[in-house]
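# A closer look at the structure
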Amino acid sequence: QVQLVESGGGLVQAGGSLRLSCAFSGRLFSTTFMGWYRQAPGKQREWVARITSGGSTNYADPVKGRFTISRDNAKNTVYLQMNNLNPEDTGAYYCNANDVGKNYWGQGTQVTVSS
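These remarks concern the structure in this document.

Reading the values: rules and limits
- Residues numbered from 1 in each chain as written.
- Predicted model: local features only at pLDDT ≥ 70, side-chain atom pairs only at ≥ 80, totals over all residues.
- Heavy atoms only, no water.
- Pairing = 2+ DSSP bridges.
- Helix = DSSP H or I, 4+ residues; strand = E, 2+ residues; numbered from the N terminus.
- Axes fitted to C-alpha atoms, helices over the stretch in contact; angles between N-to-C directions.
- Salt bridge = Lys/Arg side-chain N within 4 Å of Asp/Glu carboxyl O.
- Buried < 20%, exposed > 50% of the residue type's maximum accessible area, 1.4 Å probe, protein only.
- Polar contact = N/O pair within 3.5 Å; in protein donor to acceptor, adjacent residues only side chain to side chain.
- Contact = heavy atoms within 4.5 Å.

### Some words on the sheet that holds strand 7 (residues 67-72)
Within the open sheet, the four strands sit side by side as 1-3-8-7. Their pairing is antiparallel. Taken across any chain shown, the strands that pair with only one partner, and hence form the sheet edges, are strand 1 (3-7) and strand 7. Neighbouring strand axes in the sheet, compared pairwise and without regard to direction, differ in orientation by 15° on average. Two strands pair when backbone bridges link them, and strand 1 and strand 3 (residues 18-25) are joined in this way by five bridges, in the antiparallel orientation. Directly across from Ser7, in strand 3, lies its bridge partner Ser21.

### What to know about the pattern of salt bridges
Under the defined criterion, the tally for this structure stands at four salt bridges. Between Arg38 and Glu46 there is a salt bridge; the shortest N-O distance is 2.7 Å. With relative accessibility at 35%, the residue Glu46 sits in the partly exposed group. One salt bridge in this structure joins Lys64 and Asp61, with 3.1 Å as the shortest N-O distance. Through salt bridges with shared partners, a single network forms among Arg38, Glu46, Arg66 and Asp89.

### Remarks on the pairing of strand 8 (residues 77-82)
Moving residue by residue along a regular strand, the side chains alternate between the two faces of the sheet. Most of strand 8 is tucked away, with five of its six residues classed as buried. Where strand 3 lies against strand 8, six bridges are found, and the strand directions are antiparallel. When the bridges of strand 8 are listed, Leu20 appears paired with Leu80. Bridging between strand 7 and strand 8 involves six bridges; their strand directions are antiparallel. Bridging from a neighbouring strand, Asp72 pairs with Thr77 of strand 8. Counting the residues between successive antiparallel strands, the hairpin from strand 7 to strand 8 contains four residues, one of them, Asn76, with a positive phi of roughly 50°.

### Some remarks on the side chain of Asn96
Mapped onto the fold, Asn96 is located in strand 9 (residues 91-99). Asn96 sits in the buried class, given a relative accessible area of 5%. Among the polar contacts made by the side chain of Asn96, one reaches the main-chain carbonyl oxygen of Tyr104 at a distance of 3.4 Å. What Asn96 contacts, discounting residues up to four positions off in sequence, is Leu4, Phe33, Met34, Gly35, Tyr37, Asn103, Tyr104 and Trp105.

The values reported here are purely geometric and, on their own, carry no functional implication.
This is the structure:
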């Protein structure tokens, strides 16, 4: 079945950078829309970024200009490059795949940004 596995989270200081990866299996990755979500403790999960099968991208306002989503179809992997991190970016980051209206989720990777 479909599996999504995130990696690359960790602890960084404000102003630092991290690159998250999400490995995909079980579907035709090249035709699947991919995205990233995040959830801080006690907060609702929020959408962060999306990339279409054709490579078009969209970003939530809080991360616009700082985060970049990309995909490598040959490696069945989606990435999230996070620059200029601030404490408000702290949370569990989840990879999402959407295919013909059905959503799939990874287990999450923790990102903690200290001030």
